[in-house]
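Residue strings, one per chain:
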Amino acid sequence: MKEDTNKSNLKKEFEKVYRLAILTIVIVAIFGLIIGYLIINPQFFDFKKDDSTTELPEIAIEEDFDKIENGIHVSTGFVDAPGMKETIQNCTNCHSSKLVLQNRMTAERWKATIRWMQETQNLWDLGANEDIIIDYLTTNYPPKEKGRRAALTDIDWYELK
Ligand code: HEC
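Residues numbered from 1 in each chain as written. Predicted model: local features only at pLDDT ≥ 70, side-chain atom pairs only at ≥ 80, totals over all residues. Heavy atoms only, no water.

Named according to an unreviewed UniProt entry, the chain is Monoheme cytochrome C originating from Euzebyella marina.

Participant: Pulling in residues and values, what's your account of the coordination of the iron atom of the ligand?
Facilitator: In the first shell of the iron atom of the ligand, the protein supplies His95 (NE2) and Met117 (SD), at 1.9 to 2.0 Å from the metal. Coordination at the iron atom of the ligand is octahedral, judged from the six donor atoms that bind it and the angles of 85 to 179° they form at the metal. Taken together, the positions of His95 in the loop between helix H3 (84–91) and helix H4 (97–101) and Met117 in helix H5 (residues 107–120) put the pair 22 residues apart, joining distant regions of the chain. (Donors = N, O, S within 2.8 Å, 3.2 Å for Na, K, Ca; no water. Tetrahedral: all angles 85-135°; square planar, octahedral: opposite > 155°, others 65-115°. Helix = DSSP H or I, 4+ residues; strand = E, 2+ residues; numbered from the N terminus.)

Participant: Describe in detail the packing of aromatic side chains, supporting the description with residues and values.
Facilitator: Following the criterion strictly, the structure yields three aromatic pairs and no others. Aromatic side chains Phe78 and Tyr136 sit 6.0 Å apart centroid to centroid with 70° between the ring planes, which places their arrangement in the edge-to-face category. On the criterion of sequence distance, the pair formed by Phe78 in the loop between strand S2 (72–73) and H3 and Tyr136 in helix H6 (residues 129–140) is long-range, its members being 58 residues apart. Of the two residues, Phe78 and Tyr136, neither departs from the other in class, the shared state being buried. Ring geometry for Tyr136 against Tyr141: centres 6.1 Å apart, planes inclined by 70°, an arrangement best described as edge-to-face. For the pair Tyr136 and Tyr141, one class covers both residues: buried. (Phe/Tyr/Trp six-rings, centres within 6.5 Å; stacked < 30°, edge-to-face > 60°. Buried < 20%, exposed > 50% of the residue type's maximum accessible area, 1.4 Å probe, protein only.)

Participant: Kindly report on unusual backbone geometry, identifying the contributing residues and their values.
Facilitator: Most peptide bonds adopt trans geometry, and most residues besides glycine take a negative phi value. Non-glycine residue Asn70 carries a positive phi angle of around 50°. Structurally, Asn70 can be placed in the loop between strand S1 (68–69) and S2. Note on Asn70: relative accessible area 79%, which makes it exposed. If you check the backbone angles, Asn122 has positive phi at about 65° while not being a glycine. Within the secondary structure, Asn122 is located in the loop between H5 and H6.

Participant: Describe in detail the nonpolar core, supporting the description with residues and values.
Facilitator: Counting residues in hydrophobic clusters, the biggest one holds 17 residues, and the most contacted among them are Phe78, Val100, Trp110, Tyr136 and Leu137. Secondary-structure elements contributing two or more residues to this core are H3, H5 and H6. Broken down by element, the residue count for this core peaks at four residues, all from H6. With near-sequence residues (within four places) excluded, Tyr136 lies in contact with Phe78, Val79, Ala81, Pro82, Gly83, Met84, Thr87 and Tyr141. (Core = buried A, V, L, I, M, F, W, Y, C linked by side-chain atoms within 4.5 Å. Contact = heavy atoms within 4.5 Å.)

Participant: Quick one: what's the story with the pattern of salt bridges, residue by residue and with numbers?
Facilitator: If you walk through the whole model with that rule in mind, you get two salt bridges. Across the pair Glu69 and Lys67 runs a salt bridge, and its minimum N-O distance is 3.5 Å. Accessibility expressed as a relative area gives 43% for Glu69, which makes it partly exposed. For Lys67, a relative accessible area of 37% translates into the label partly exposed. (Salt bridge = Lys/Arg side-chain N within 4 Å of Asp/Glu carboxyl O.)

Participant: Tell me about the site of the ligand, and please be specific about residues and values.
Facilitator: What surrounds the ligand is a group of 18 residues, the closest being Cys91, Cys94, His95, Met117 and Gln121. A distance of 2.7 Å separates a nitrogen atom of the ligand from a polar atom in the side chain of His95. Those elements that place two or more of their residues in the shell around the ligand are H3, H4 and H5. Here the shell around the ligand takes four residues from H5, the largest share from any one element. (Near = heavy atom within 4 Å. Polar contact = N/O pair within 3.5 Å; in protein donor to acceptor, adjacent residues only side chain to side chain.)

Participant: Please provide a residue-by-residue account of H3, values included.
Facilitator: Burial of H3 is extensive: six of the eight residues sit out of reach of the surface. Met84, Glu86, Thr87, Ile88, Asn90 and Cys91 are the residues of H3 that are buried. Looking at the buried residues of H3, the elements they touch are S1, S2, H4 and H6.

If you want it as structure tokens, here you go:
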């Protein structure tokens with residue numbers, strides 16, 4: 001009789017463990033499915049949809065690109081003068097206009113820089129635009145003539161005692 005209750009106790013205990021094990025497996029399986037689904041479709045819980053890819057801002061930038069303020073082409077910083085259009089079209093595709101603007105060269109040196117870019121950086125043949133661009137750059141951004149500042153004049157020297 002006592003052995004019987006022992007046996008049924010053991011059985012109950014075993015059933016408890018068994019049920020717990022099944023429950024654990026089911027829970028792990030459900031989490032596994034959810035995580036697996038999220039790996040395939042990570043946006044599932046992104047309820048805030050990103051609207052920033054609408055076309056409106058791009059149109060605004062396009063419209064502003066040609067803006068000229070106080071004789072300066074705002075988007076590139078180039079001076080508005082004959083040849084600016086050709087310069088912008090050919091010289092701002094690969095690098096910033098700043099790289100062009102920070103250089104002041106003679107026509108020969110511009111030509112050499114253009115040849116260098118053509119030989120090493122895939123710059124295309126500029127054709128008739130080459131002279132227009134070089135003219136534009138040397139006219140509006142002439143090389144600074146003096147390597148050093150002009151001598152000071154009219155100075156009130158004071159006596160050293
Ligand atoms: C096909 C691409 C391309 C185009 C178009 C282009 N460049 Fe360049 N340019 C380069 C690259 C690449 C460099 C090197 C940039 C660097 O060193 O970071 C460079 C460098 C320069 C430099 C600096 C040279 C130096 O000695 O440091 C100047 C100035 C320059 N370009 C002017 C121009 C002008 C003017 C035009 C228009 C005629 C022009 N670029 C068009 C690719 C291009």
